[in-house]
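Structure at a glance
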Amino acid sequence: MLYLFTDFGWQGPYVGQMKSKVSEQVRYCQPIDLMHDVPAFNVKAGSYLLAAVSRYLPPDCVVAAIVDPQVGSDQRALVLRADYRWFVGPDNGLFDVVAQHASSCHWYEITFRPAHVSRSFHGRDIFIPVAGKLLLEESCDSFLSPISCPEPRFNDADLNEIIYIDQFGNLMTGLRASEVDGLVSIHFAGQLLSRATTFSDVDTGTAFFYENSQGLIEIAVNCGNAQAHFSATIGDSIALVF
Amino acid sequence: MLYLFTDFGWQGPYVGQMKSKVSEQVRYCQPIDLMHDVPAFNVKAGSYLLAAVSRYLPPDCVVAAIVDPQVGSDQRALVLRADYRWFVGPDNGLFDVVAQHASSCHWYEITFRPAHVSRSFHGRDIFIPVAGKLLLEESCDSFLSPISCPEPRFNDADLNEIIYIDQFGNLMTGLRASEVDGLVSIHFAGQLLSRATTFSDVDTGTAFFYENSQGLIEIAVNCGNAQAHFSATIGDSIALVF
Amino acid sequence: MLYLFTDFGWQGPYVGQMKSKVSEQVRYCQPIDLMHDVPAFNVKAGSYLLAAVSRYLPPDCVVAAIVDPQVGSDQRALVLRADYRWFVGPDNGLFDVVAQHASSCHWYEITFRPAHVSRSFHGRDIFIPVAGKLLLEESCDSFLSPISCPEPRFNDADLNEIIYIDQFGNLMTGLRASEVDGLVSIHFAGQLLSRATTFSDVDTGTAFFYENSQGLIEIAVNCGNAQAHFSATIGDSIALVF
């Protein structure tokens, strides 16, 4: 199974052309759109999001993950095998958090180059063909070269920042709930927020935090919009109160 | 075939994670996104929309329908078999209109609970696994328990209100054209509108109503935007003039 | 393989109902969404876009292409076989540019009409069933009638205009880079822009043009938004400087 994780949005022919490419290579393969609204060009937020949303994907899946402000530059193209999953994408730190959470990692540089490669769409021209080869379980030697673990851009602690804001204004952080079992309050935007299990546990209009469906700490307002309530943006910090 | 009908939007990992779950369970199953922009949290509009858009779905299909302002609460999880189609979702009235239009109905409470269930994402953790079991034609006894028909939240008449506004500003109502054959005019927002067959039947800028492609009465403005023209919102009433 | 190319957007049940229809007809067929944000009702922009984004599609694919301000009117429904690809859609010029770029063309009028056809959704009721028949390689005689090439609405030169603006504000033109090899500058919105290979070749905030991933000339601003920078809209002209 192939998953797509990008900041491309649903606009334009980009996602469709990637799907076309893979379906030509792997008959009947229909990629699953994991998300296409990763905060644009934001590799840091993307790295924590990717680790969270890929945590429950099936073994042997392939994730084409593309968030890349340096598109067209000469950075390396990578493959990471983290435990039993494959990740294909740019060498810019996007896979750092996945790797830090994995029991075992193998890193590769992509040596494959097609006859024609667009300078601005490595997703279609390099990453997807390589994802297809992995799905077909081709021998890796012909298109991958083993490398040592790249220097991590992001450290191995969870991230006390907003990494994603959903359409309802809920504020997802890069902090795994499983790592902060005893956490009862957080400071955010000058306010002290309490923990709840779910929305209906607090009064209408009350801000709180809880473990969201991705296993992350998330700030919300019952029947309200936390983004508007706090004028929050991606990257805002939270402080933990144990 | 599995259909998804939600108010989740296309943002975030939510739709992708539901698709991932079902593809693990039912090989090669690729759900069809019927719509993900049901008016948010609006069960009433959703109930009439669901009945309209599911009317021509093939027999034996499964529809996972999730519009749920009470997510995380303790309401029942239901399955409805209406004629030859399955509907899986919350017990909040979302299936009422489908049931009222069906010749025969069988209702079930979902007894299945996975080992881990998120408080805020029953779509992924309960409804989709149950939809998968129905697609696989597993014996229902192990995960469904027959119940009597829930008390309807919405009455069995069509709804003289706006239930959906499309991206061009057309105003869809909850009124089936087949039920109002002789209808020649409607009152809406202080204006009297005439019936036409299609856009090109009326002058540019003229508001009218017609039978839309879902079989519902819809208000539109030729080469214009009816939502802006009338400052209309979901829930606005129309009055019929025979 | 079936591709969808429309101005429907992702809202509402429209794309989902087209997919449902084709999956009933052609088992396991999952159409690929090439794009659903063709500039609304803009057949001219759509015609140049369709030619660009379909250029690398596999032989024998079928493209259902629907951009149609005259929906519900009595214009003909067409099929074009351009080289080895099929195009299904309205007779309004949408296929003109594809045809002009093809080595060989065969044109057909669609004679198929279903028992029930909505006046406002020929995509679901006529074009998709015909696309399904082509995918199944049914004998065409029963639903297509050969016609001579329609009078072109758009001439056979490339288009020196903006035809699409992506979510990052990049301005795609209807001009193939392969046709203007020696082009070094363009005039746009009162400014003279130079050619670059990719974003990182120019300073932050600098506007430039380059060959995009569709093989078209595109105007962009490094780390900026060209649409906002130039107050640009679809249809704006550019002038070539050799």
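What comes next is a walk through the structure. (Residues numbered from 1 in each chain as written. Chains lettered and ligands numbered in written order. Predicted model: local features only at pLDDT ≥ 70, side-chain atom pairs only at ≥ 80, totals over all residues. Heavy atoms only, no water.)

Turning to the sheet that holds strand β10 (residues 185–188) of chain A, a few remarks are in order. Residue and element names in this part refer to chain A. Strand order in the open sheet formed by three strands is β11-β10-β14, and the pairing between neighbours is antiparallel. The sheet is open, and its two edges are formed by β11 (191–194) and β14 (239–241), each paired on a single side. The sheet shows a mean angle of 30° between the axes of neighbouring strands, direction not considered. The pairing of β10 with β11 spans four bridges and is classified as antiparallel. Its bridge partner lying in β11, H187 is registered against L192. (Pairing = 2+ DSSP bridges. Helix = DSSP H or I, 4+ residues; strand = E, 2+ residues; numbered from the N terminus. Axes fitted to C-alpha atoms, helices over the stretch in contact; angles between N-to-C directions.)

The two copies are related by a screw motion: chain A maps onto chain B through a turn of 120° and a shift of 0.0 Å along the axis, at an RMSD of 0.0 Å. The transformation just described matches what one would write down for a three-fold rotation axis. Interface residue correspondence from chain A to chain B reaches only 8%, placing this contact among heterologous pairings that use different surfaces. (Least-squares fit on C-alpha atoms with pLDDT ≥ 70 in both. Contact = heavy atoms within 4.5 Å.)

In this arrangement, two copies of a chain are superimposed by a rotation about an axis accompanied by a shift along the axis. Take chain C, turn it by 120°, move it 0.0 Å along the axis, and it overlays chain B with an RMSD of 0.0 Å. Taken as a fraction of all interface residues of chain C, those also at the interface in chain B reach only 8%, which identifies the copy contact as different-surface.

The next point concerns the pattern of salt bridges. Residues and elements named next belong to chain A. Within this structure, the stated rule accounts for 27 salt bridges over all chains. Salt-bridge contacts for R153 lead to D91; the nearest nitrogen and oxygen are separated by 3.0 Å. Pair noted here: R153 is in the loop between β7 (144–147) and β8 (159–165) and D91 is in the loop between β5 (85–90) and α3 (96–101), with a separation of 62 residues, a long-range link. Given the relative accessible area of 10%, D91 is considered buried. Here R176 ties to D158 by a salt bridge, and the two come within 2.9 Å at their closest N and O atoms. Here the residue R176 occupies a position in strand β9 (residues 171–176), and D158 occupies one in the loop between β7 and β8, the gap between them amounting to 18 residues. Exposure remark for D158: the relative accessible area of 16% places this residue in the buried category. (Salt bridge = Lys/Arg side-chain N within 4 Å of Asp/Glu carboxyl O. Buried < 20%, exposed > 50% of the residue type's maximum accessible area, 1.4 Å probe, protein only.)

Quick look at the interface of chain C and chain B now. At the junction of the two partners, chain C supplies 25 residues and chain B supplies 25 residues. Summing both partners gives a buried area of about 2,000 Å² for chain C against chain B, and 55% of it is carried by carbon and sulfur. The interface formed by chain C and chain B includes zero salt bridges. Across the chain C-chain B interface, the total number found is eight residue pairs in polar contact (both at pLDDT 80 or more). Of all the elements, helix α1 (residues 14–25) of chain C adds the most residues to the side of chain C that touches chain B, at seven residues. Among the residues forming the side of chain C that touches chain B, the class breakdown is eight nonpolar, twelve polar and five charged. (Buried area = accessible area lost by both parts, 1.4 Å probe. Polar contact = N/O pair within 3.5 Å; in protein donor to acceptor, adjacent residues only side chain to side chain. Nonpolar A, V, L, I, M, F, W, Y, C, P; charged D, E, K, R; others polar.)

A few words on the interface of chain A and chain B. Contacts between the two partners involve 25 residues from chain A and, on the opposite side, 25 residues from chain B. When the two sides are added together, the surface that chain A and chain B hide from each other amounts to roughly 2,000 Å², 55% of it contributed by carbon and sulfur. When the area that chain A buries against chain B is broken down by residue, the three leading residues are Q167, F168 and S213 of chain A, summing to 24%. Where chain A packs against chain B, one counts eight residue pairs in polar contact (both at pLDDT 80 or more). Per-element tally for the side of chain A that touches chain B: the top contributor is strand β2 (residues 32–35) of chain A, with four residues. Here the residues of the side of chain A that touches chain B sort into 14 nonpolar, eight polar and three charged.

With that settled, consider the packing of helix α1 (residues 14–25) of chain B against helix α4 (residues 122–135) of chain B. All names here are of chain B. Direction vectors running N to C along α1 and α4 enclose 35°, while the axes themselves pass 9 Å from each other. Considering the relative orientation of α1 and α4, their crossing is right-handed. Every residue of α4 that contacts α1 at Q17, M18, K21, V22 and Q25 is listed here: G123, R124, D125, I128, P129, G132, K133 and L135. Tallied by class, residues from the contact of α1 with α4 come to five nonpolar, four polar and four charged. (Left-handed = near helix turned anticlockwise from the far one by under 90°.)

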